[in-house]
Amino acid sequence: MALKCFDFRPGDEVIVPSNTYIATILSIVQNGLTPVLVEPDITTYNIDPTLIEEKITSRTRAIMVVHLYGKACDMDPVLQVASRYNLKVIEDCAQAHGARYKGRLAGNFGDFGAFSFYPTKNLGALGDAGAITTNDEQLSDNIRTLRNYGSKVKYVNEMVGYNSRLDEVQAGFLSLKLKHLDEINTHKRKLASYYLQELKSDFVVPKVDPDYFDVYHIFNIRHPRRDQLRDYLLKNGVKTEIHYPVAPHNQGAMKGLISGDYPISTEIHSTTLSLPISYFHTEDDILRVVKVLNKF
Ligand SMILES: Cc1ncc(COP(=O)(O)O)c(C=O)c1O
């Protein structure tokens, strides 16, 4: 819906990281636009801002960044290149509720921030839900109109809109839970700190940098024998996930839509493993997982 608010033409290009959940790229394709993939920084897993400029063409209209795993992107250089080429900036904040970069909250840098409230997210609803943020009055007006069949006044339709209103029950639940978001994030950051302190150096752990306030929607490690490690953990009572097992450029749905090789993204997808981390886990749970991991 954010992409619909601009005067983009079919085939216009949107820059997006190659290392993301496919939903980010689907939003571009579903709008008749062309995704142009940029590799991530192997230490942050987010878009590498130094690689954006070489992908810009006369058809580039926007950069869609993703604050993956709960770490904000390096936004200063992204905003600089966007401003130099007059590009819109959209932030995929699906995994970054409360994440900050240089003190500023994700969802507050670009023209739009798009949040998911899928139940597993740091701010999760009781079912599917989401929200869009913007600091621009006109864009706010456009998006409110679009989500309601393109109508501001009942039965007067000025845009080709959708029914995409947030259900009131979900909104009520989220309003209550929002008050606890800082507490949820603080807890997850504390659990992450145990992993960071206690895991042996065989595992590549997330980078910690004072410019970034990470909220660890996902706590991932990387290991060259990831699949073996995952089986070993499961046998020892530790269930893990992989975010994500197949890179978007290798998905059947993207055949003919994405070309080229993305070795950094492929490397991340083949080595990453997401460890248990949630508001319901305790310090003891995490230390138990660490103990099993350190014996691998
Ligand atoms: C990075 C990213 N973008 C977009 C989405 C899509 O969110 P939703 O399922 O709420 O549409 C997700 C959901 O998991 C995600 O992780």
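As a reminder, the structure under discussion sits directly above these lines.
A. A look at the overall build of the protein chain. Along the backbone of the protein chain there are 8 helices and 13 strands. For the protein chain, whose C-alpha radius of gyration is 20 Å, the value lies close to the compact-globule estimate of 19 Å for 296 residues. Considered along the principal axes of its C-alpha atoms, the protein chain spans approximately 65 × 45 × 35 Å. Here the protein chain, with 296 residues, has 48% of them falling under the buried criterion. Taking as baseline every contact in the protein chain between residues at least 6 positions apart, the subset at least 24 positions apart corresponds to 62%. Between the mean site of the 34 positive side-chain charges and the mean site of the 35 negative ones, the protein chain shows a separation of 4 Å.

B. Expanded view of the environment of Ile242. For Ile242, the location among the structural elements is in the loop between α6 (226-235) and α7 (263-271). Separated by 31 residues in the primary sequence, Ile242 and Leu273 have C-alpha atoms spaced 5.0 Å apart.

C. Seen up close, the nonpolar core. Ranked by internal contacts, the top residues of the largest apolar core, which has 22 residues, are Leu3, Val14, Ile28, Met64, Ile90 and Phe112. At the level of secondary structure, the elements contributing two or more residues to this core comprise β1 (13-17), α1 (22-29), β3 (60-66) and α3 (137-146). Apart from the residues lying within four places of it in its own chain, the contact partners of Ile90 are Ala2, Leu3, Phe6, Ile63, Met64, Val65 and Phe112. Leu191, Leu275, Val290 and Leu293 belong to the second-largest nonpolar core, a separate cluster that totals 21 residues.

D. Examining the state of the cysteines more closely. Under the counting rule described, the total for this entry stands at 0 disulfides. Unpaired in terms of disulfides, Cys73 finds its nearest cysteine sulfur in Cys93, a separation of 9.0 Å. In this structure Cys73 comes out as buried when scored by relative accessible area, which is 0%.

E. Summary view of the sheet that holds strand β4 (residues 88-92). As summarised here, the arrangement of the 6 strands in space is β2-β1-β3-β4-β7-β8, forming an open sheet in which the pairing is mixed. Strands at the two margins of the open sheet, each flanked by one partner only, are β2 (34-38) and β8 (130-133). With direction set aside, neighbouring strand axes in the sheet form an average angle of 20°. Bridge count for β1 against β3 is 3 bridges, and the pairing is parallel. What sits directly across from Ile15, in β3, is Ile63.

F. A look at unusual backbone geometry. Of the consecutive residues His243 and Tyr244, the connecting peptide bond is found in the cis state with omega at 10°. Mapped onto the fold, Tyr244 is located in the loop between α6 and α7. Residues other than glycine seldom take positive phi values, yet Asn86 does so here, at roughly 55°. Looking at where Asn86 falls in the secondary structure, it is placed in the loop between α2 (75-84) and β4. Phi angles above zero are rare outside glycine, and Lys102 is one such case at about 50°. For Lys102, the location among the structural elements is in the loop between β5 (100-101) and β6 (104-105). Residue classification places Lys102 among the partly exposed positions, given a relative accessible area of 46%.

G. A look at the site of the ligand. All residues in the neighbourhood of the ligand are listed as Tyr21, Ala23, Thr24, Val66, Asp92, Ala94, Gln95, Ser116, Lys121 and Tyr244. Between the ligand and the protein, one listed contact pairs a nitrogen atom with a side-chain N or O atom of Asp92 at 2.6 Å. For the ligand, the protein covers 72% of the area, taking 390 Å² as the surface of the free molecule.

Conventions used here
Residues numbered from 1 in each chain as written. Predicted model: local features only at pLDDT ≥ 70, side-chain atom pairs only at ≥ 80, totals over all residues. Heavy atoms only, no water. Helix = DSSP H or I, 4+ residues; strand = E, 2+ residues; numbered from the N terminus. Rg over C-alpha atoms; globule rule 2.2 N^0.38 Å. Buried < 20%, exposed > 50% of the residue type's maximum accessible area, 1.4 Å probe, protein only. Contact = heavy atoms within 4.5 Å. Lys, Arg positive; Asp, Glu negative; His and termini not counted. Charge placed at Lys NZ, Arg CZ, Asp CG, Glu CD. Core = buried A, V, L, I, M, F, W, Y, C linked by side-chain atoms within 4.5 Å. Disulfide = S-S within 2.5 Å. Pairing = 2+ DSSP bridges. Axes fitted to C-alpha atoms, helices over the stretch in contact; angles between N-to-C directions. Near = heavy atom within 4 Å. Polar contact = N/O pair within 3.5 Å; in protein donor to acceptor, adjacent residues only side chain to side chain. Areas by Shrake-Rupley, 256 points an atom, 1.4 Å probe, with all protein chains shown as cover.

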